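Coordinate inspection notes
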Amino acid sequence: MTATTVLRESERDGTPASPRKLFQRGGRGDRMFDALTGTSGLLVLSIMVAVGVFLAVQAMPALRRTGFSFLTTAEWQPDRGQFGIAAVMLGTVLIAAVAVAAALPISMGTALFITEVAPRWLRATLVALVDLMAAVPSVVYGLWGAKLLQGNVIGISRWINRWLGWIPIFSVKGADPSSPLSSASVYTASTFIAGLVVAMMVMPIQCVVMREVFSQVPPGEREGAYALGSTRWGMIRVVALPFGRGGIIGGSMLGLGRALGETIAVLLIISPRFDMNFHILEAGGNSVSALIAGRYNESNGFGLSALMAAGLALFAVTLVVNFTASWFIARSRSGASSDA
Amino acid sequence: MSTAVASRLTGLTTLPPTPEPLDVPQQRRVTGKLARHDLLMMGGAGVSAISTTMLLFGRLTPMSGTFGFLIVAFVLYIVIYAVIASVTESRPTVVDKVMNVLLTSSAVIALFALATVIIFVIIRGWPALKHSNFYTEDLSTTGPLDPLTQGGISHAIVGTLIITALSLVFTVPLAVVCAVFLNESKSRSAQLVRTVVTAMTALPSILAGLFVFVVWILVFDFQRSGLAASIAVSIMMLPIIIRSADVVLRLVPGGLREAAAALGAPRWRTVWHVVLPTARSGIMTSVILGVARGIGETAPVLLTAGYTAAMNTNPFENPMVNLPLAAFELVKSPQPDQIARGFGAAATLMVLVLILFFLARILGGRQPGQLSQRQSKRRLVQSRHDLERIEGRHKLQGVHGS
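For clarity, every value in this text was computed on a predicted model and none was experimentally measured.

A few words now on the overall build of chain A. Within chain A, the regular secondary structure consists of 12 helices and 2 strands. Ordered by position in the sequence, the α and β elements of chain A form the string α-α-β-β-α-α-α-α-α-α-α-α-α-α. Expressed as a percentage of the 340 residues in chain A, the buried residues total 51%. Sequence-distant contacts in chain A: of pairs separated by 6 or more residues, those separated by 24 or more amount to 73%. Within the structure as shown, chain A displays about 15800 Å² of accessible surface, and the carbon and sulfur contribution to it stands at 63%.

In structure tokens:
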């Protein structure tokens, strides 16, 4: 058999295959159209930049006063000049970490269930329900967490503390897990419970991205795996998961970005404290947004500047997380057409 | 129009085809079916897991609690199921079966959580929701100790509607025009705007509130008001709507744009008559989803509109409260009736969001360019009409085609 080289039309001519440049000189209507849309773009750009720049400018006095120690101080007493985000940022990150850790298996399982396992008639309903979960206001999740989940989760907190308490982050000060009559109050209002509630908000966001990616698995590869005798899980393991890796990472990070900024559900559950608390099961915790919501009213000019600085730090973190997420999603094989 | 005329006309111009019912789709074969021994295996594993757990709880070990019971029963179920399956099946099949159970149960857990959220909030709010005064009165003369037959959250409902309506007025025109800009402009600035908008979707809502609080209330010295809150909510909603509208506009088939251009339409006419109508349902969906997000925002409203127990219909002065904030403030009270009011407010909010959500589903169910039956009928009538008009003009000029 002889090999045939197929030349594209343009290669035969020797001209490079690039689209022709189009020139269009619009009439008056088009010029007005350009002006209008351009203005709106500029307006949106300036609003968004104004928010960022304003936060930065307002945060300057506080940042200048503390300098580098802003990142390392745990206390929050702006009036005495003693303040920093070490404790609140740690709390924010821990809550978000618990949220993502709890939400990730569920969202991945649900996404795979929707795309691979569920019968056809069930799929649209499930997709709608997951979207609905994303639309439920955070205050509703907060109420649910504070009044229903909290009471039921304490048993689990106690159990984790009893058997895994030797791992530092699971230890609880003042708890006596061996006695079933010990007070439950040491476990309430903890980072762990707040994280579980935030997981409810994170889960649908992750699930939407992952489902999008899994649904784009090329049918050829999927059927190829089946044709080679793979079971459904075998197909998922060797085709769907590797194909969707970028979406899985990107989706989880997108959820992480949301978890970092959540305010009201956290505010409803934790009791604020200002020390470096690594013990996620222990009562009390904090987050940057809860700090802002709790303190904005009693603050004078300088206190507000300090809050702005904390907010700026939070924004910087969410920005980095979100951009990394979009980068992962765009770089993945499936990312070209997904919109997250 | 008579068929004779129609057939004469169709000789000249191609008419859009009348919508016909689709061919009957091929019957899809069911590939994965549960055999009887599968069901028996699952059932057996279930019964044995529940019995073992009941034995463990209270008889053999001092474990207790519903939540713990469910978890232990679930883990036991997986183990027992795997053991039973491994008696007859090969290892890959056993793994497949276990993973199947795990995937299914993760979906069930998610839906169960959603169901408990909805049911719990409605049950806790029911004592307040069942009184009609809850929707018609405010809390200005009602104290925390007054019974639920007095007072209500009408002020929060009105506040929610005003704040949301104002933020819609601010965001929708700007967001849609900006999304058009992102799609139509080939300049590098469009890319910059897109990047910045993407960045702003990461803005935590509390920061939007803090921004408006400092600029509007501290620097410009305005009052806390519904207007301030709607500005803050707008800053939240704007990037969300722009981004999803941008995606929807990108889905408009390029062929439609090119057809309009080939007919000599200027770009603004292409956008106005082709792109936007094609993407209308998608844009509606993105707006509604933006509203669903904005209507539930608590943190920015807390900072910018304050809390009030009295009805305030003027967005320009005095504090105004919306439903999420009312729920948040009311449940902080130690009085059970006040807490019930808070849950009632949350349930009302959730019902509003549900309505919006299903509205979005109904409107947004179709792809861009896909017409409903009524729309395609209208299109048919319209183009027949156009054809007659063109024919008439040709006759007048005496250049009747052969």
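Let us look at the nonpolar core. Core analysis: the largest hydrophobic core is formed by 200 residues, its most contacted members being Trp76, Val140 and Tyr141 of chain A. Two domains each put at least three residues into this core: domain 1 (34-130) and domain 2 (154-369) of chain B.

Okay, the interface of chain B and chain A next. Each side of the interface is counted separately: chain B has 81 residues, and chain A has 76 residues. Across the interface of chain B and chain A, roughly 7000 Å² is buried in total on both sides, 81% from carbon and sulfur atoms. Its salt-bridge partner being Asp30 of chain A, residue Arg267 of chain B comes within 3.9 Å of it at the nearest N-O pair. One can count 12 residue pairs in polar contact (both at pLDDT 80 or more) joining chain B with chain A. It is helix α4 (residues 91-129) of chain B that contributes the most residues to the side of chain B that touches chain A, 20 residues altogether.

Take the confidence of the model for chain A next. Residues and elements named next belong to chain A. Within chain A, residue pLDDT values average 83, and 87% of them lie at 70 or more. Highest mean pLDDT in chain A belongs to helix α3 (residues 86-117) (92); lowest belongs to helix α1 (residues 9-13) (53). This model gives residues 335-340 a pLDDT under 50, and the stretch forms 13 contacts once residues within four places in sequence are excluded.

Attention now goes to the side chain of Ser287 of chain A. All names here are of chain A. Here Ser287 is to be found in the loop between α10 (264-269) and α11 (288-295). Using a relative accessible area of 2% as the deciding quantity, one classes Ser287 as buried. Polar contacts involving the side chain of Ser287 include one to the main-chain amide nitrogen of Ala290, which spans 3.2 Å. Leaving out residues up to four positions away in the same chain, Ser287 has contacts with Val88, Thr92, Ile95, Glu262, Val266 and Ile270.

Let's shift gears to a nonpolar patch on the surface. Residues and elements named next belong to chain B. A cluster of nonpolar residues, Phe67, Ile71, Phe74, Val75, Val79, Val83 and Leu102, forms a patch on the protein surface that exposes about 540 Å² of accessible area. Ranked by residues supplied to the nonpolar patch, first place goes to helix α3 (residues 66-88) with 6 residues. Note on placement: Ile71 falls in helix α3.

Quick look at the packing of aromatic side chains now. All names here are of chain A. Taken as a whole and assessed by the stated rule, the structure comprises 12 aromatic pairs over all chains. On the numbers, 5.6 Å between centres and 70° between planes, the contact of Trp76 with Phe83 is edge-to-face. Across the pair, Phe83 and Trp76 agree in class, each one buried. Here Trp327 and Phe328 contribute two aromatic rings whose centre-to-centre distance is 5.3 Å and whose plane-to-plane angle is 70°, an arrangement assigned as edge-to-face. Three or more aromatic residues link up through ring pairs in this structure, and these residues are Phe70, Trp76, Phe83 and Phe302. Here the guanidinium or amino end of Arg65 rests over the ring plane of Phe302, the centre of that ring lying 4.6 Å away.

What follows deals with the domain arrangement of chain B. Interface size is commonly expressed as the accessible area that is lost once the parts come together. Residues and elements named next belong to chain B. Looking at chain B, the domain boundaries give domain 1 (34-130) and domain 2 (154-369). Centre-to-centre, using C-alpha coordinates, domain 1 lies 40 Å away from domain 2. Domain 1 puts 8 residues into the contact, and the matching count from domain 2 is 9 residues. When domain 1 packs against domain 2, the two sides together hide about 710 Å² of surface, and 87% of this comes from carbon and sulfur. Remark: the boundary between domain 1 and domain 2 carries 0 salt bridges. Grouping the amino acids of the side of domain 1 that touches domain 2 by side-chain chemistry returns 6 nonpolar, 1 polar and 1 charged.

This part is about the packing of helix α12 (residues 301-331) of chain A against helix α8 (residues 205-219) of chain B. At a minimum axis separation of 10 Å, α12 of chain A and α8 of chain B run at an interaxial angle of 145°. The handedness of the crossing between α12 of chain A and α8 of chain B is left-handed. Only Leu207, Leu210, Phe213, Val214 and Leu218 of chain B of α8 of chain B make contact with α12 of chain A, whose side of the interface consists of Leu304, Leu307, Met308, Gly311 and Phe315 of chain A. Tallied by class, residues from the contact of α12 of chain A with α8 of chain B come to 9 nonpolar, 1 polar and no charged.

Rules used in this analysis
- Residues numbered from 1 in each chain as written.
- Chains lettered and ligands numbered in written order.
- Predicted model: local features only at pLDDT ≥ 70, side-chain atom pairs only at ≥ 80, totals over all residues.
- Heavy atoms only, no water.
- Helix = DSSP H or I, 4+ residues; strand = E, 2+ residues; numbered from the N terminus.
- Buried < 20%, exposed > 50% of the residue type's maximum accessible area, 1.4 Å probe, protein only.
- Contact = heavy atoms within 4.5 Å.
- Areas by Shrake-Rupley, 256 points an atom, 1.4 Å probe, with all protein chains shown as cover.
- Core = buried A, V, L, I, M, F, W, Y, C linked by side-chain atoms within 4.5 Å.
- Domains from an automatic or database assignment.
- Buried area = accessible area lost by both parts, 1.4 Å probe.
- Salt bridge = Lys/Arg side-chain N within 4 Å of Asp/Glu carboxyl O.
- Polar contact = N/O pair within 3.5 Å; in protein donor to acceptor, adjacent residues only side chain to side chain.
- pLDDT = per-residue confidence, 0-100.
- Patch = residues over 30% accessible without salt bridge, like charges linked within 9 Å, V, L, I, M, F, W, Y side chains within 5 Å.
- Phe/Tyr/Trp six-rings, centres within 6.5 Å; stacked < 30°, edge-to-face > 60°.
- Lys NZ or Arg CZ within 6 Å of the ring centre and 35° of its normal.
- Nonpolar A, V, L, I, M, F, W, Y, C, P; charged D, E, K, R; others polar.
- Axes fitted to C-alpha atoms, helices over the stretch in contact; angles between N-to-C directions.
- Left-handed = near helix turned anticlockwise from the far one by under 90°.

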